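# Notes for the structure review
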Amino acid sequence: MIRLTAALAATALTLLPGLSGLPTHPAHPTHPATTGAAPAALPEARPASLPAAPSPVTLRLEAPRTFTMYSADEGAEGETSEFVVPVSVVRSAGGPARRVRVVVDTSGLAGVARVTEGGYGNCTAAGPVFTCVYGDVQNGDGEANAPFALHGLAGVEPGDAGTVTYTATADNAASVTGTTRMLVGEPRLRAPRQERTVGGLRPGRAAEFTPALANTTRFPARRGVALQVRADGLRLAPRHSNCFYVARDAVAEASTGTPDSAWCVFPDRPPPGTAYRTAVPLTYSAPDGAMRGALTYSWSAAPERPEGHPVRGTGAPLTLVRAASDAKDSTDATDSKGTAALGAFTADEGRLAVTTTTQADYRPVTAPVRGRVGDTVAVRLGVRNLGPGTPPDSDSLGRFEVVPPEGTTVTSVPWTFEGDGGDWACDRPERPGPGAAFVCDLGNDRLMEARHEEHAPETEGGTGTTGNPVTETTIVFHVRIDRRVPGAHGTVRVGNPFDRTPGNDVAVFPLEASPAPPLHRRPGTWLAVGAAGAALAGAAFAVRGRLRRRRPEPSRPRPNP
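Parameters and conventions
Residues numbered from 1 in each chain as written. Predicted model: local features only at pLDDT ≥ 70, side-chain atom pairs only at ≥ 80, totals over all residues. Heavy atoms only, no water. Helix = DSSP H or I, 4+ residues; strand = E, 2+ residues; numbered from the N terminus. Buried < 20%, exposed > 50% of the residue type's maximum accessible area, 1.4 Å probe, protein only. Contact = heavy atoms within 4.5 Å. Areas by Shrake-Rupley, 256 points an atom, 1.4 Å probe, with all protein chains shown as cover. Pairing = 2+ DSSP bridges. Disulfide = S-S within 2.5 Å. Salt bridge = Lys/Arg side-chain N within 4 Å of Asp/Glu carboxyl O. pLDDT = per-residue confidence, 0-100.

### Here we look at the overall build of the protein chain
Helix and strand counts for the protein chain stand at four helices and 41 strands. Split into buried and exposed, the 561 residues of the protein chain put 38% on the buried side. Contacts in the protein chain between residues far apart in sequence, at least 24 positions, make up 76% of those at least 6 positions apart. Accessible surface, the protein chain as shown: approximately 31600 Å² in total, 52% of it carbon and sulfur.

Printed below as a string of structure tokens:
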């Protein structure tokens, strides 16, 4: 604490309004011998509180320490604009950083990359130096920019490297400097380009697949090999001790959409022009209710375990075996003798598409067209999903088609969605006429707010219940009854890619038309007579009104004042 002299304290107390009522010491206290009386006890003066120094504004650079620019086998074809320099302001009470700028020096990339201007339009280049304007950056927040684009050079080797240095400054903050080591990456390892398919997998039953790779470059994989497998809608068996897996509880939490995944590392160093496969297949399965899934896998010659794979397998390690290979191209990665066709290994990822035995059994929802000739009635039509599965996305929800009965006209199929709407939720036939169908796409936004209901499990064919809730989607068709047609009926046809019970995909709905009242029997006649009648009624009403106006109103007794 700073101590003030009595005079300074008195002055401070006088000038500071909050302290002006306090007593003060005189500059030179009177000695008791002079006054002959003891002085009153006065409180000691306290120094005034000084305003706190403003919190400093501190910049922080968050660029990576190392960055792989491109793979050595890409050479002059390699390019990327993904290197960014993030700048943040350390949270404090100091306010925003004013006029933040970053100067990037790329002269250290000579011989390993060619650099061109990037920066989302707010960076300028002066030779190998790039200056980017970030503007004001809020306290506790950050901004990022891609100062340049990188282009590969021919003749580089894996591991060739350079450096990039960058300095961030602001009007009200000290400058900070960072450096990133820029690397030429290891060769790319390829997977077969042809997608494999598996159908009819029963949920819960184990199945197998064998990943394969080829090194089609001129560089060896000098750091070993890593395999990453991603299972969307499927589950991987965590068996091998050199593999790391996603935690099972994360996979089971379906609402998070977390896929199952495995990452395996191998000591093998595939030479150029060679192919390998796993010595034993990997095992996967489909969970209950799954209708389809996919396995994708990729190889890397720069093994680095990704985040989110904490579970290590406990079984025997997974190993690689070399496959006989030649340079021929083929749609199949291996022939009947197991020889790998290197020309078939051109993909970054291998893929296996799986469909299961689980179906989504659709059945039409119908209702009769009931009313009098000339009426427009509301008829609710749609589809009921008996399960046991539900199509996994909007593209596979399927559709239903409606052919109206003879003697009727569909006047509208109204819809609403997020405050919008229209008259036609379903696509109208290009050529209206008998047998023409209205097509209702269940994945279309126009049916998003259709009526969706859930019912108890249904009995199918007297053989028991599906055991799954039944969902129903319906929408109202406005149908005008033009004439009576004995025995007329419409049809509803439903379908989706996972409906394997075609016997209940079509249903009919009848036209139950009653005769119109005498004046309504023929719509055209009713319209004409109706118009004439309305005119006559209007004229009579007008004459009657004039007559009424001509008659004087009867006198009424006046109220007493």
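### A few points about the pairing of strand E8 (residues 129–137)
With seven bridges joining them, strand E5 (residues 97–105) and E8 adopt antiparallel strand pairing. Its bridge partner lying in E8, alanine 97 is registered against valine 137. Sheet analysis places strand E7 (residues 123–126) next to E8, joined by four bridges and oriented antiparallel. Residue pairing in the sheet places threonine 124 in a bridge with threonine 131 of E8.

### Some words on the state of the cysteines
Counted by the stated rule, this structure contains three disulfides. Between cysteine 243 and cysteine 264 runs a disulfide, and the two sulfur atoms are separated by 2.0 Å. Every disulfide takes its handedness from the sign of the S-S torsion; for cysteine 243 and cysteine 264 that torsion is 110°, giving right-handed. Taken together, the positions of cysteine 243 in strand E19 (residues 243–245) and cysteine 264 in strand E20 (residues 260–266) put the pair 21 residues apart, joining distant regions of the chain. Residue cysteine 426 pairs covalently with cysteine 440 via a disulfide, S to S 2.0 Å. Here cysteine 426 and cysteine 440 share a disulfide; its torsion about the S-S bond, 100°, makes the bridge right-handed.

### Observations concerning the pattern of salt bridges
Applying the stated criterion across every chain, the model contains 18 salt bridges. The salt bridge partner of arginine 98 is aspartate 136, with a shortest N-O separation of 3.3 Å. You can see arginine 98 sitting in strand E5 and its partner aspartate 136 sitting in strand E8, a full 38 residues away along the chain. Salt-bridge contacts for arginine 351 lead to glutamate 195; the nearest nitrogen and oxygen are separated by 2.7 Å. Highlighted residues: arginine 351 in strand E29 (residues 350–356) and glutamate 195 in the loop between strand E13 (191–192) and strand E14 (196–201), separated in sequence by 156 residues. Residue classification places arginine 351 among the partly exposed positions, given a relative accessible area of 38%.

### Comments concerning the side chain of threonine 180
Relative to the elements of secondary structure, threonine 180 occurs in strand E12 (residues 173–185). Residue classification places threonine 180 among the buried positions, given a relative accessible area of 0%.

### Here we look at the confidence of the model for the protein chain
This prediction gives the protein chain a mean pLDDT of 82; 75% of its residues lie at or above 70. Mean pLDDT values over the elements of the protein chain span from 37, in helix H1 (residues 6–15), up to 98, in strand E11 (residues 161–170). Scored below 50 in pLDDT, residues 253–257 shows one contact in the model against residues more than four places distant or in partner chains. Ignoring residues within four places in sequence, the model shows residues 459–466, a span with pLDDT below 50, making eleven contacts including any to other chains.

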